[in-house]
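Per-entry structural report
Residue-level listing of the chains:
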Amino acid sequence: MFIDRVVIEVRSGKGGDGAIAFLRDRNTAKGGPSGGNGGRGGSIFLRASSRVSTLINYRFSKTIIAKDGEKGGNKNKYGHKAEDVYCDVPVGTVVINEEDNSLLCDLKKDGQIFLVAKGGRGGRGNLCFKSNYNKTPRIAENGMPGETKRIVLELKLLADVGLVGFPSVGKSTFLSVVSKANPLIGDYDFTTIEPNLGVCYINKFENFVIADLPGLIEGAAKGRGLGFTFLRHIERCKVICHMISLDGRYDPIFAYKTIENELKEYGNNLEKKKRIIVCTKLDCDGATERFLKFKEEMLSQNVEQVYAISSLTHQNLDEVCKILYQTVLETNTNEEEVEENNEDHKIYTLKEEKEKFNIIKVKNNLFKIYGETVEKTFKLINISSDEGMLRLLKYLDNLGVNEALKEKGAQNGDIVTLCGFEFEYFD
């Protein structure tokens, strides 16, 4: 089964908590603090692999979870870090953040790795807080929480040439003749219900990849037929081979204009890709006359690369394959030149500094503190000890939270919440 789009949730592991411990050893005088650091939580990576062809492995595995890091121990023992999780996806997979529909990564090369969810850092044990002013600290850090994301994986096949056209115009037959692929071939529409790939060899050392895509119909860009589902795969193709049947079922000019209009409406610059127009079924009655009329119309529109083939008799197949290969080479050269021209240009962006905290009045005598910075720091502080609690209150005071609460009208005894933790406000 060909699965080319899935939505999954990834959860990286939480870092292990730092330990609060003191060395008690009769052979060590004044042992002091000995709490070790927690281990790092497991991260989740996506890895492009040529051994995987579809996203079917993620059809039912909707959630991928990495393990948490181990807690620190006494005698300065560090907690074990959790193993990272590597998920293999097909080459050509696009990773999108479902929340804001932003592009996270485009896995174009075999072996390319992308960190999709980073594991949380382990918390520091009380040994790290020892100083000349506090030789017996009773504070430690909690491990940082992991990341949770919902991502969309979309597979866009990597092929040199994409075959497009109406259903039953001979795309699958052409692919089966010029390559060793075995697509389903039948005398009815929509025989091809999933893309097929084949390698066409010009000689022993020269070849290119052809993608046979399901047939398009009028309105495909708006969801009709199977075209909307698979149009994304044409985005990867370097050259579009527009196939038009000469069997008389459709007027070739009508077929050409209809498909070109669908590609234009779909967008993503498909209309700008290099075109090779190939008329098929030249062996049918009246095919030659239809081809000459169609070619004359195309020449009047300044479209010169129009060819006719017969997959049944193999007429003109070698010539068209060589033209397709040459066009692919020219396209590769142009893309390399563009990449070279862009190598020396680096774009720097200035990120706006986020507010460290915000305060809202939920109701009478109840205030809520929130914000990425203050919440992140709160999760690090271990408030199970008195020193940890004092550290939290000192941090909030230095951050300006007390002044902000006073401006909001907080009175002594009012309840303040931060990440579900409640405490009373006193001026």
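Looking at the nonpolar core
One finds Val161, Phe174, Ile210 and Phe294 to be the most contacted residues of the largest nonpolar core, which totals 51 residues. Those residues in contact with isoleucine 210 that sit more than four places away from it in its chain are Ala159, Val161, Leu163, Phe174, Leu175, Val178, Asn196, Leu197, Gly198 and Cys200.

A word on the packing of aromatic side chains
The full count for this structure, using the stated rule, is seven aromatic pairs. Ring centres of phenylalanine 45 and tyrosine 86 lie 4.9 Å apart, and the angle between their planes is 10°; this geometry places the pair in the stacked category. Linking phenylalanine 45 in strand β2 (residues 44–49) with tyrosine 86 in strand β4 (residues 85–90), this pair joins segments that are 41 residues apart in sequence. Judged by its relative accessible area of 40%, tyrosine 86 is partly exposed. An aromatic cluster is defined as three or more aromatic residues linked by ring pairs; in this entry it consists of Phe166, Tyr250 and Phe254.

With respect to the sheet that holds strand β3 (residues 63–65)
In space, the five strands of this open sheet follow the order β3-β1-β8-β5-β6, with mixed pairing throughout. Two strands lie at the open edges of the sheet, namely β3 and β6 (102–107), each paired on one side alone. The mean inter-strand angle of the sheet, taken between neighbouring strand axes irrespective of direction, is 30°. The pairing of strand β5 (residues 93–97) with β6 spans five bridges and is antiparallel. Looking at the pairing, valine 94 lines up with aspartate 106 of β6.

Some points on the packing of helix α6 (residues 372–380) against helix α7 (residues 386–399)
In the contact formed by α6 and α7, the axes pass within 11 Å of each other and the chain directions differ by 165°. Taken together, the axes of α6 and α7 lie roughly antiparallel to each other. Where α6 crosses over α7, the two elements pack in a sense that is right-handed. Between α6 and α7, the residues in contact are Thr373, Val374, Thr377 and Phe378 and Leu392, Tyr395, Leu396 and Leu399, respectively.

Observations regarding the confidence of the model for the protein
Here the protein averages 82 in pLDDT, and 86% of its residues register 70 or above. Model confidence for the protein, summarised as mean pLDDT per element, is weakest for helix α2 (residues 227–230) at 53 and strongest for strand β7 (residues 113–117) at 94. Confidence drops under a pLDDT of 50 for residues 220–228, and excluding neighbours within four residues, the segment shows 22 contacts in the predicted structure.

Here's the deal with helix α4 (residues 287–300)
In this model, α4 (14 residues) spans 20 Å end to end at C-alpha, consistent with the 20 Å of a helix rising 1.5 Å per residue. Every buried residue of α4 is accounted for by Ala287, Phe291, Phe294 and Met298. Seen end-on, α4 carries its buried residues on one side only, within an arc spanning 70°. Residues of α4 that are exposed and point more than 90 degrees away from the buried face comprise Glu289, Leu292, Lys293, Glu296 and Ser300. Those residues of α4 that are buried are in contact with β12 (239–245), α3 (252–266), β13 (274–280) and β14 (306–308).

Rules and cut-offs
- Residues numbered from 1 in each chain as written.
- Predicted model: local features only at pLDDT ≥ 70, side-chain atom pairs only at ≥ 80, totals over all residues.
- Heavy atoms only, no water.
- Core = buried A, V, L, I, M, F, W, Y, C linked by side-chain atoms within 4.5 Å.
- Buried < 20%, exposed > 50% of the residue type's maximum accessible area, 1.4 Å probe, protein only.
- Contact = heavy atoms within 4.5 Å.
- Phe/Tyr/Trp six-rings, centres within 6.5 Å; stacked < 30°, edge-to-face > 60°.
- Helix = DSSP H or I, 4+ residues; strand = E, 2+ residues; numbered from the N terminus.
- Pairing = 2+ DSSP bridges.
- Axes fitted to C-alpha atoms, helices over the stretch in contact; angles between N-to-C directions.
- Parallel < 35°, antiparallel > 145°, perpendicular 65-115°, else oblique.
- Left-handed = near helix turned anticlockwise from the far one by under 90°.
- pLDDT = per-residue confidence, 0-100.
- Expected span 1.5 Å × (residues − 1).
- Arc of directions from axis to C-beta.

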